[in-house]
Structure formats: structure tokens, C-alpha cells
Amino acid sequence: MTDANCLAAEPLIAVRCPACGNDTSITGTQKYECRRCGQTLDPREHRIAILAEREAAMMRRINARQARAFLVALANIKGMPYGLVFLPASPEDLAFQYRESFSPAMDNYQEAKWLVNHKLFRQFFPPNFPDSWLARSCGGSEEQKQAASLAQIVTARNYLHLAWKATDSDERAWRIRALREFARQITIHPSASSTSLTASLQIGPPPKDAFQQALLYFQSHGSLARRCLNPDCRQTPYFLAEKPNQKYCNERCSEVARNAAKKLWWKRHGTAWRKSRSKASARMKPHGKR
Ligand SMILES: [Zn+2]
Ligand SMILES: [Zn+2]
């Protein structure tokens, strides 16, 4: 039976909203908006099959070891975020910025780039990085787009530092929540609009991609977040403790600290110790073997 009023000639295309994940069917010619978040839907870019493939790559379950490795790597990258820096920068970062202020901006993002390209961490970032939500929103040259995407990662690190330094579990949960919202900007489909990004976060928590899974791991294991007590620690000043009373990130840092403590002891007590020792040996002399 055919209905004369039905536009049966135009085939329907199954699409998924790139912001909120809502599935719907649209025709290829009209302009459609997602009913949940207002995102404009594109019959080519938002086909369910295409989005499902992207999700499969990003939503794979990660284990605790991967979560820990990613969190520590992200926490320890260097570089300055650009734009509105409302999050505190570490003294090392300020020094770096000062040193590098006459070099091309990309130097600043070398470590963020290293993180994105590292084979262990590829699934934490969108498959077509640096084609990210911010890069598309900002536009500009390829280099500018790349810098914008990498700057997002450096900013995420600053959010993570705040969670790392939190003094109680309530503050930590608050910081992680802020970071989870921010991280969605990094992993959301690049075609999402700002409005639908905001709307999708109001609907509920973001999809559990690898980045979000790592942050959920941090939420439940955040009490192991430590800062290495070796003031000269360069490699992993932010680390996750293996044992509850661990104070240094690795054996080398605790060795350095032990040696420094010994040196300090000698500086303070060395003269007195040598005096008492020479007195003792003077008393011993008559009986000493020579
Ligand atoms: Zn939507
Ligand atoms: Zn250390």
C-alpha cells in the first residue's frame, strides 16, 4: 500500500548525534537538528556506521595499569597552555615559558605531542587528532589547529594537577568532575557545536572513553596521588604510590634524598662526631695495636 503524501522516494539515513549520541533517521536533503541537544546532523559525517567505528576505537576498556600510566604521563608533561590561563602554572613551566619565549610556539607543545603520539596512549585521543572540537572551532592554519589541540592537553594537565594536590576527597572529586567536563572537549567528535557540547554534558556524564575511564580510576584511587619529595625530581614529580607510605617516585629519587640527608647530618653533627671519635681513639691509644 502506498501513501501519496509520504516522501517515500527519499531514503532515510541512520545517523548518530556526535554530541549526545542520540540515534535518529534523516533524509539527505533537509537540515535536521538533534532533538535532545540541538546539534546539526550531517547525513554523511554522522552516519551511525562511521560514528560507531570511531567509538569502538575510543571506548575500549582500559585496565588499571593503562589508567595509571596515562595519568602519570599526562601529569608530568611540560608546557604552557595558551589563552585564558586561570589555572596555576608550576614554577618549572613559568621558567620554560620564559626560556622559550623567542622560539616557535610548537616547542612549547613537544611533550603534549609526545603523549598523543605514544603508542600506549593513542586510544586516549581522537583517531584524527589534531582534528579536534577546538581546532575546528578556532580554524586557522594546520599548525595553529595542531597548537590549539595540544594546548587543550596542557590545560587538562593543569586540571589534573589541581586534583593531584587536593587536600581531601571532596576537593579531589570536585576537581576531577571539572576535568571530566574539560576532557570531553578533547574527545568529543570535532563536528559538535559548542551549544550541543554544553547541552550533552547537562543531559548526563560523558561517554566512558579511555580518557574518562582513566579519570574514573583516579577518582577511586586518588589517595595514592603523590608529589615526589625530591625537590630536584625531573622525570615524575607527580606519581601514584605503589605503597601507602611511599614518598619518592622511584629508587633513584629516594637514594638522592638519603644521600642528601646523610650530607646534612654530617654538616650539622660531623665536627662533634669527629671530636668525640678522636677523644675515644686517644683513650684507646695505649691499648691500640700499632
Ligand atoms: Zn544530540
Ligand atoms: Zn622523583
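A quick note: this is a predicted structure, and the numbers were derived from the prediction, not measured.

Colleague: In this structure, what is going on with the overall build of the chain? I would like to understand it.
Modeller: On a plain count of helices and strands, the chain comes out with ten helices and six strands. Counting the 290 residues in the chain, one finds 30% classified as buried. Within the chain, counting contacts between residues at least 6 apart in sequence, those at least 24 apart form 61% of the total.

Colleague: Got a minute to help me understand the nonpolar core in this structure?
Modeller: In globular proteins that are soluble, nonpolar side chains generally tend to be buried together. The biggest cluster of nonpolar side chains holds 44 residues, and the ones touching the most others in it are Leu-71, Ile-153, Ala-156, Leu-160, Leu-179 and Ala-214. For this core, the secondary structure elements donating two or more residues are α2 (64-75), α4 (110-117), α6 (142-164), α7 (169-187), α9 (210-221) and β6 (238-240). Per-element tally for this core: the top contributor is α6, with eleven residues. Sequence-distant contacts of Leu-160, defined by excluding residues within four places in its chain, comprise Leu-74, Ala-75 and Leu-179. If you look at the next biggest cluster of nonpolar residues, it comprises eleven residues, including Ala-19, Leu-41, Trp-133 and Ile-188.

Colleague: Quick question: what am I supposed to make of the environment of Pro-11 here?
Modeller: Relative to the helices and strands, Pro-11 is located in the segment before β1 (12-16). Distance from Pro-11 to Thr-27, taken between C-alpha atoms, is 6.2 Å for residues 16 residues apart in sequence.

Colleague: Whenever I open this one, α2 confuses me. Can you help?
Modeller: For α2, built from twelve residues, the straight-helix expectation of 16 Å at 1.5 Å per residue is met to within 8% by its first-to-last C-alpha distance of 16 Å. Taken together, the buried positions of α2 are Ala-67, Phe-70, Leu-71, Leu-74 and Ala-75. One side of α2 carries all its buried residues, which in axial view fall inside an arc of 125 degrees. Against the buried residues of α2 lie α4, α6, α9 and β6.

Colleague: Hey, could you run me through the environment of Asn-63 in this one?
Modeller: As for its placement among the helices and strands, Asn-63 is situated in the loop between α1 (48-58) and α2. Sequence separation between Asn-63 and Ala-210 is 147 residues; the distance between their C-alpha atoms is 9.7 Å.

Colleague: What's the story with helix α8 (residues 194-203) in this structure? I'm lost.
Modeller: Side chains that are three or four residues apart share a direction in an α-helix, a result of its 3.6 residues per turn. Every buried residue of α8 is accounted for by Ser-196, Leu-197 and Ser-200. One face of α8 carries all of its buried residues, which in axial projection span an arc of 105 degrees. Turned more than 90 degrees off the buried face of α8, the exposed positions are Ser-194 and Gln-202. Those residues of α8 that are buried lie in contact with α5 (133-138) and α7.

Colleague: So what exactly am I meant to see when it comes to the pairing of strand β2 (residues 23-27) here?
Modeller: If a strand is regular, its side chains alternate between the two faces of the sheet. Of the pairings in the sheet, the one linking β1 to β2 comprises five bridges and is antiparallel in character. Note on β2: the bridge partner recorded for Ile-13 is Ile-26. Taken together, β1 and the strand that follows it, β2, pair antiparallel across an intervening segment of six residues, in which Gly-21 is found at a positive phi of about 85 degrees.

Colleague: Which parts of the structure should I look at to understand the packing of α2 against α9?
Modeller: Helices that pack against each other are described as a pair by the angle of their axes relative to one another and the distance between those axes. The interhelical angle for the contact between α2 and α9, taken along N-to-C directions, is 90 degrees, at an axis separation of 9 Å. Taken together, the axis directions place α2 and α9 in an arrangement best described as roughly perpendicular. Here Ala-64, Ala-67, Phe-70 and Leu-71 of α2 come into contact with α9, specifically with Gln-213, Ala-214, Tyr-217 and Phe-218.

Colleague: Got a minute to help me understand the environment of Gln-123 in this structure?
Modeller: Within the secondary structure, Gln-123 is located in the loop between α4 and α5. Expressed as a C-alpha distance, the spacing of Gln-123 and Ile-62, which sit 61 residues apart in the sequence, is 9.4 Å.

Colleague: Sorry if this is basic, but what is going on with the packing of α7 against α9 here?
Modeller: Relative orientation of the contacting elements α7 and α9 amounts to 175 degrees, with a least axis distance of 10 Å. Overall, the two elements α7 and α9 adopt an arrangement that is roughly antiparallel. Residues Ala-173, Ile-176, Leu-179, Arg-180, Ala-183, Ile-186 and Thr-187 of α7 form the contact with α9, whose participating residues are Phe-211, Gln-212, Leu-215, Phe-218 and Gln-219. Considered class by class, the residues forming the contact of α7 with α9 number eight nonpolar, three polar and one charged.

Colleague: Help me understand unusual backbone geometry, please; the structure alone is not making it clear to me.
Modeller: Excluding glycine, residues mostly have negative phi values, and the peptide bonds linking residues are mostly trans. Between Phe-129 and the following residue, Pro-130, the backbone shows a cis peptide bond with an omega angle of 5 degrees. Inspection of the secondary structure puts Pro-130 in the loop between α4 and α5.

Colleague: Looking at this structure, how should I read the confidence of the model for the chain?
Modeller: In low-pLDDT segments, the atomic positions of the prediction should not be examined closely. Residues of the chain with pLDDT of at least 70 account for 86%, and the chain-wide mean is 86. Within the chain, the lowest mean pLDDT, 53, falls on helix α3 (residues 91-99), and the highest, 98, falls on α2.

Calculation criteria
- Residues numbered from 1 in each chain as written.
- Chains lettered and ligands numbered in written order.
- Predicted model: local features only at pLDDT ≥ 70, side-chain atom pairs only at ≥ 80, totals over all residues.
- Helix = DSSP H or I, 4+ residues; strand = E, 2+ residues; numbered from the N terminus.
- Buried ≥ 20, exposed ≤ 12 C-beta atoms within 10 Å, placed from the backbone.
- Contact = placed C-beta atoms within 7 Å.
- Core = buried A, V, L, I, M, F, W, Y, C linked by C-beta atoms within 7 Å.
- Expected span 1.5 Å × (residues − 1).
- Arc of directions from axis to C-beta.
- Pairing = 2+ DSSP bridges.
- Axes fitted to C-alpha atoms, helices over the stretch in contact; angles between N-to-C directions.
- Parallel < 35°, antiparallel > 145°, perpendicular 65-115°, else oblique.
- Nonpolar A, V, L, I, M, F, W, Y, C, P; charged D, E, K, R; others polar.
- pLDDT = per-residue confidence, 0-100.

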